[in-house]
Amino acid sequence: MQKFVKKIVDMMKQENLFSWQGGPIILLQIENEYGNIEGQYGQGGKEYVKWAADMALTLDAGIPWVMCRQSDAPETIIDSCNAFYCDGFRPNSYRKPALWTEDWNGWYASWGGRVPHRPVEDNAFAVARFFQRGGSFHNYYMFFGGTNFGRTAGGPLQTTSYDYDAPVDEYGLLAQPKWGHLKDLHAAIKLCEPALVAVDDAPQYVKLGSMQEAHIYSSGFVDTRNSLPQNVSICSAFLANIDERKTVTVQIFGGSYSLPPWSVSILPDCKHVVFNTAKVATQTSIKTVESASPSFSNTTGTGDIILYDKDTYISKTWMTFHEPIGAWGDNSFTYQGILEHLNVTKDISDYLWYSTRINITDEDITFWEEKGIYPLLTIDKARDVVRIFVNGHLSASQVGKWVPVKEPIHLVQGSNDLVLLSETVGLQNYGAFLEKDGAGFRGQIKVSGLKNGDIDLSDALWTYQVGLKGELAKLYTPENQESADWIDVQPDSIPSSFTWYKTTFDAPEGDDPIALDLGSMGKGQAWVNGHGIGRYWTLVAPKNGCRDYCDYRGAYHENKCTTNCGLPTQSWYHVPREWLQASNNLLVIFEETSGNPWKISLRMHSTVTICARVWETDYPPLSTWSHPDFVNRKNLIDEVAPEMHLRCDEGHVISAITFASYGTPSGSCRKFSGGKCHAASSLSVVTEACQGRNNCTITVSNRTFGDPCRRTTKALAVEATCTSITAYQNVS
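Keep in mind that this is a model prediction, so the values were computed, not measured.

Visitor: Help me out: how do you make sense of the sheet that holds strand β4 (residues 99–104) in this one?
Guide: Paired through backbone hydrogen bonds, the strands of a sheet run either parallel or antiparallel to each other. Taken in spatial order, the 5 strands line up as β1-β2-β3-β4-β6 in an open sheet, and their pairing is parallel. The open sheet has two free edges, formed respectively by β1 (28–29) and β6 (137–141), since each of these has just one partner strand.

Structure, rendered in structure tokens:
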């Protein structure tokens, strides 16, 4: 470990990447959340923490070192917080700043599970509360999650997608409103920076109600019952309402402030609210996963993704190669007893075959027929997937982490081939003694139900085969296509298990990110031009546990706001355009069950619909505070009207305004409807400002639209369609 850490630090120095060298690195981390498991190592765990800290400091990196979730970090190391909320975190010494090294703004997905989402109102609330209560440094986990290509997904049983509901999605597109709302949050906090750094000790605390409070950062003591005195040159305030249900109006600085439930208002000058965590004025983006064909139909919505379905598939011609079951190569070997999976495979493959033979007498057959039973194969514990083959036929499968297996099997008189395929679906990536977790089988393996008792296979002679024949031959690479006897697949053929498929396809035109729709397949792996797309698996999430509406109020946990109930956890798999050529791209699939390759399709991922609603009473643009006309004239801020900002993905333009109403519109994105109060100019004003542009800004005020109903608080609601520039120009 010391050699590795020293190597990394030396590399950073050589490249002048540390801040004292003019580089961007301001912190280093040694270990990660070791404090959660330290106690299981006893005194050795405590000694290790001290050793790791001392070792890191000897490397003379010249910047601070941190330990996450390590309450016993030595005085020379800063302990930090990783969690959904860190506003209550305090380091183990008053000499150390409060650092939030992992703000979990989403959560990962696991095969067969629902897809987690964290409401941006709650995430913004957590961040604002952290800085309100004295936080110094904040970092998102994840801001961009991306994809676990190849076999890099961990867990075990974590999906190939690591989208994580991050502000930038798996395909590199902005996830709105999360990205925009958090951007505005940090702009608001940045306005408070002079006051935040002016306070060396704790901020001034004021109780505003039973569940309402204020924290004030200022250059001097502030009497919060009155207006801000002129001798206080710097002052910023955070007003919090931690009540989960009620909107509360509080009195402070000689004014009244309405605080929505579970929210924080930010006042950079202790007077004007520039941001409230519960009020989202940024746009919502609805993305599509649409056919690479230019025509499509049958729209169905799922969360913030629309699937445009059409009978346009990636290829009309497929070839196949059948993977042999059990031992197939010269590198197989025989051993008496059950070996641990990872010690045998060295993780060069997910797959390890265990093969043995069982002899069955005619007395056993007669016994089973008379009793009307089958013999049972029992494995004490298995992980992550085990498939049972009897005489070359798939008999049963079991999925889980160290789960018991008890399956009836059909045996015939004489010699029977029993093959167990152990599969890993990602390695154990956290926990005490994880190097001992292993994979494969634990305990006893036996066949019970025979006339003369059980057959214990735990000490039997087993033949071991690592991996797949197609893996060893690298059938997934363009240069190794001649190493297998590929044959054509007929469209009416019955899909078979443990089969390799291949085809070629042309890259879709344009620059939109690409997804491979593998919803018709079962479980396996996919490659494009030799690059591993990752594991795929169409395990379906439970039908219950999802809600149409996610209430941001109250403490978040990973099961609170989930989607995708009753659907496969993942169906679409990211294919980077950098891996593609214009034509003749090689797609290779290894299918374990009986998926249908004829229905595999290529999809393009982009934002197709953008929506927003901004009230005339919303806050002025944050950019106003740095505008030369207002820097020294904050009293004029109240006269600035709010703005609506709309933006399509890069390379796209707003091709149509499908809804626009300034007045009292109701509903939500894709479900807007006009109210009794409506400005007739709404559509024409928005169309003129936005159509044909990548982004646009509209001032939300009577001056822009006229006043359609006096003495009524009005809002502007807009829904627009985004189209690629090429498609828009072709139509225009």
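Visitor: Explanation requested: a nonpolar patch on the surface in the structure shown.
Guide: A cluster of nonpolar side chains, Phe 4, Ile 8 and Met 11, forms an exposed patch at the surface whose accessible area comes to about 280 Å². One can find Phe 4 in helix α1 (residues 2–14). Phe 4 gets classed as exposed once you look at its relative accessible area, which sits at 59%.

Visitor: What am I meant to see in the environment of His 410 here?
Guide: Among the secondary structure elements, His 410 is positioned in the loop between β21 (393–408) and β22 (414–423). Along the chain, His 410 and Phe 389 lie 21 residues apart, while their C-alpha atoms are 10.0 Å from each other. Not counting chain neighbours up to four residues away, the residues in contact with His 410 comprise Tyr 374 and Val 390.

Visitor: Teacher, can you tell me more about the sheet that holds strand β13 (residues 275–276) here?
Guide: Read across the open sheet, the 5 strands follow the order β7-β8-β9-β12-β13; overall the sheet is antiparallel. A single partner strand is all that each edge strand has here, and the edge strands are β7 (204–209) and β13. Packed on one face of the sheet, helix α3 (residues 120–132) meets β8 (212–218), β9 (235–241) and β12 (263–267) and runs near 130 degrees to β9.

Visitor: In this structure, what is going on with the environment of Phe 238? I would like to understand it.
Guide: In this fold, Phe 238 is placed in strand β9. We classify Phe 238 as buried; its relative accessible area is 0%. Along the chain, Phe 238 and His 272 lie 34 residues apart, while their C-alpha atoms are 11 Å from each other. Look past the residues within four positions of Phe 238 in its chain and what remains in contact with it is Ala 128, Phe 131, Gln 132, Cys 192, Leu 196, Glu 213, Ala 214, His 215, Tyr 217, Val 264, Ser 265 and Ile 266.

Visitor: So what exactly am I meant to see when it comes to the domain arrangement of the protein chain here?
Guide: Note on interface size: it is often stated as the accessible area lost on association of the parts. The domain boundaries assigned to the protein chain delineate domain 1 (325–467) and domain 2 (607–730). When each unit is reduced to the centre of its C-alpha atoms, the spacing between domain 1 and domain 2 is 63 Å.

Visitor: Any chance you could explain the state of the cysteines here in plain terms?
Guide: Formally, a disulfide is one covalent bond, and it connects the sulfur atom of one cysteine to the sulfur atom of another. As enumerated under the stated definition, the model contains 8 disulfides in all. The disulfide partner of Cys 235 is Cys 270, and the S-S distance across this bridge is 2.0 Å. Residues Cys 235 and Cys 270 are joined by a disulfide whose S-S torsion is about -75 degrees; by sign, that bridge is left-handed. Taken together, the residues span a long stretch of sequence, with Cys 235 in strand β9 and Cys 270 in the loop between β12 and β13 at a distance of 35 residues. Residue Cys 270 is classed as buried on the basis of its relative accessible area of 1%.

Visitor: How should the nonpolar core be read in this particular structure?
Guide: As a rule of thumb, nonpolar side chains are buried together in soluble globular proteins. By size, the foremost hydrophobic cluster in this structure holds 36 residues, and its most contacted members are Cys 86, Val 127, Leu 185, Ile 189, Phe 238, Ile 266 and Val 274. Those elements that place two or more of their residues in this core are β3 (78–83), α3, α4 (178–191), α5 (193–198), β9 and β12. Ranked by residue count, the leading element in this core is α3, at 8 residues. If we ignore the near neighbours within four places in the chain, the residues touching Ile 189 are Val 127, Phe 131, Leu 196 and Ile 266. Within the second largest apolar cluster, 29 residues are counted, among which are Val 386, Val 390, Ala 396 and Leu 411.

Visitor: Explain the pattern of salt bridges to me, please; I cannot follow it from the model alone.
Guide: In a structure, side chains of opposite charge can pair up when their charged atoms sit close to one another. Tallied over the entire structure, the rule returns 30 salt bridges. Between Arg 129 and Glu 213 there is a salt bridge, with the nearest N and O atoms lying 2.7 Å from each other. With a gap of 84 residues between them, Arg 129 in helix α3 and Glu 213 in strand β8 connect regions that are remote in the sequence. A relative accessible area of 5% means that Arg 129 is categorised as buried. When its relative accessible area of 11% is taken as the criterion, Glu 213 is described as buried. Salt bridges sharing common partners tie together Asp 87, Arg 129, Arg 133 and Glu 213.

Visitor: How do you make sense of the packing of α3 against α4 when you look at a structure like this?
Guide: When two helices pack together, their arrangement is given by the angle between their axes and by how far apart the axes lie. Running from N to C, α3 and α4 point in directions that differ by 20 degrees, and their axes come no closer than 10 Å. Here α4 runs roughly parallel to α3, going by the angle between their axes. In the packing of α3 onto α4, the handedness of the crossing is right-handed. Within the contact between the two elements, α3 uses Val 120, Asn 123, Ala 124, Val 127, Ala 128 and Phe 131 and α4 uses Lys 178, His 181, Leu 182, Leu 185, His 186 and Ile 189. Within the contact of α3 with α4, the residues separate by chemical class into 8 nonpolar, 3 polar and 1 charged.

Visitor: Sorry if this is basic, but what is going on with the pairing of β6 here?
Guide: Across a regular strand the side chains alternate sides, sitting on one face of the sheet and then on the other. Along β6, the buried face is formed by His 138 and Tyr 140; none of Phe 137, Asn 139 and Tyr 141, which line the opposite face, is buried. Where β4 meets β6, 4 bridges bridge the pair, whose relative direction is parallel. Looking at β6, one finds that Leu 99 is bridged to Phe 137.

Visitor: Whenever I open this one, helix α9 (residues 682–690) confuses me. Can you help?
Guide: In an α-helix there are 3.6 residues to a turn, and that puts residues three or four apart on one side. For α9, the set of buried residues is Ser 682, Val 686 and Cys 690. Seen end-on, α9 carries its buried residues on one side only, within an arc spanning 30 degrees. Turning to α9, the residues buried within the fold contact β35 (643–647), β36 (652–663), β37 (695–699), α10 (702–705) and β38 (715–724). Following α9 by one or two positions, Gly 692 adopts a phi angle in the positive range, close to 85 degrees.

Visitor: Explain the packing of aromatic side chains to me, please; I cannot follow it from the model alone.
Guide: What characterises a pair of aromatic rings is the spacing of the ring centres plus the angle enclosed by the ring planes. Using the criterion set out here, one finds 37 aromatic pairs in the structure. With a centroid separation of 4.8 Å and an interplanar angle of 55 degrees, the aromatic rings of Phe 149 and Trp 579 are classed as tilted. Here Trp 579 lies in the loop between β32 (572–575) and β33 (585–591) and Phe 149 lies in the loop between β6 and α4, a separation of 430 residues in the sequence. Owing to a relative accessible area of 18%, Trp 579 belongs among the buried residues under this scheme. An angle of 45 degrees between the planes, with centres 5.9 Å apart, marks the rings of Trp 353 and Phe 389 as tilted. Within this pair, whereas Trp 353 is found in strand β19 (residues 351–360), its partner Phe 389 is found in strand β20 (residues 376–390), the two being separated by 36 residues in sequence. Here Trp 353 matches Phe 389 in class, with each residue buried. Of the aromatic side chains, those joined through ring pairs into one cluster are Phe 84, Trp 104, Trp 107, Tyr 108, Tyr 141, Tyr 162, Tyr 164 and Tyr 556. In this arrangement the basic side chain of Arg 118 is found over the ring face of Tyr 85, its NZ or CZ atom lying 5.0 Å from the centre. The ring of Trp 537 is capped by Lys 523, whose NZ or CZ atom sits 5.2 Å from the centre of that ring.

What counts and what doesn't
- Residues numbered from 1 in each chain as written.
- Predicted model: local features only at pLDDT ≥ 70, side-chain atom pairs only at ≥ 80, totals over all residues.
- Heavy atoms only, no water.
- Pairing = 2+ DSSP bridges.
- Helix = DSSP H or I, 4+ residues; strand = E, 2+ residues; numbered from the N terminus.
- Patch = residues over 30% accessible without salt bridge, like charges linked within 9 Å, V, L, I, M, F, W, Y side chains within 5 Å.
- Areas by Shrake-Rupley, 256 points an atom, 1.4 Å probe, with all protein chains shown as cover.
- Salt bridge = Lys/Arg side-chain N within 4 Å of Asp/Glu carboxyl O.
- Buried < 20%, exposed > 50% of the residue type's maximum accessible area, 1.4 Å probe, protein only.
- Contact = heavy atoms within 4.5 Å.
- Axes fitted to C-alpha atoms, helices over the stretch in contact; angles between N-to-C directions.
- Domains from an automatic or database assignment.
- Disulfide = S-S within 2.5 Å.
- Core = buried A, V, L, I, M, F, W, Y, C linked by side-chain atoms within 4.5 Å.
- Parallel < 35°, antiparallel > 145°, perpendicular 65-115°, else oblique.
- Left-handed = near helix turned anticlockwise from the far one by under 90°.
- Nonpolar A, V, L, I, M, F, W, Y, C, P; charged D, E, K, R; others polar.
- Arc of directions from axis to C-beta.
- Phe/Tyr/Trp six-rings, centres within 6.5 Å; stacked < 30°, edge-to-face > 60°.
- Lys NZ or Arg CZ within 6 Å of the ring centre and 35° of its normal.

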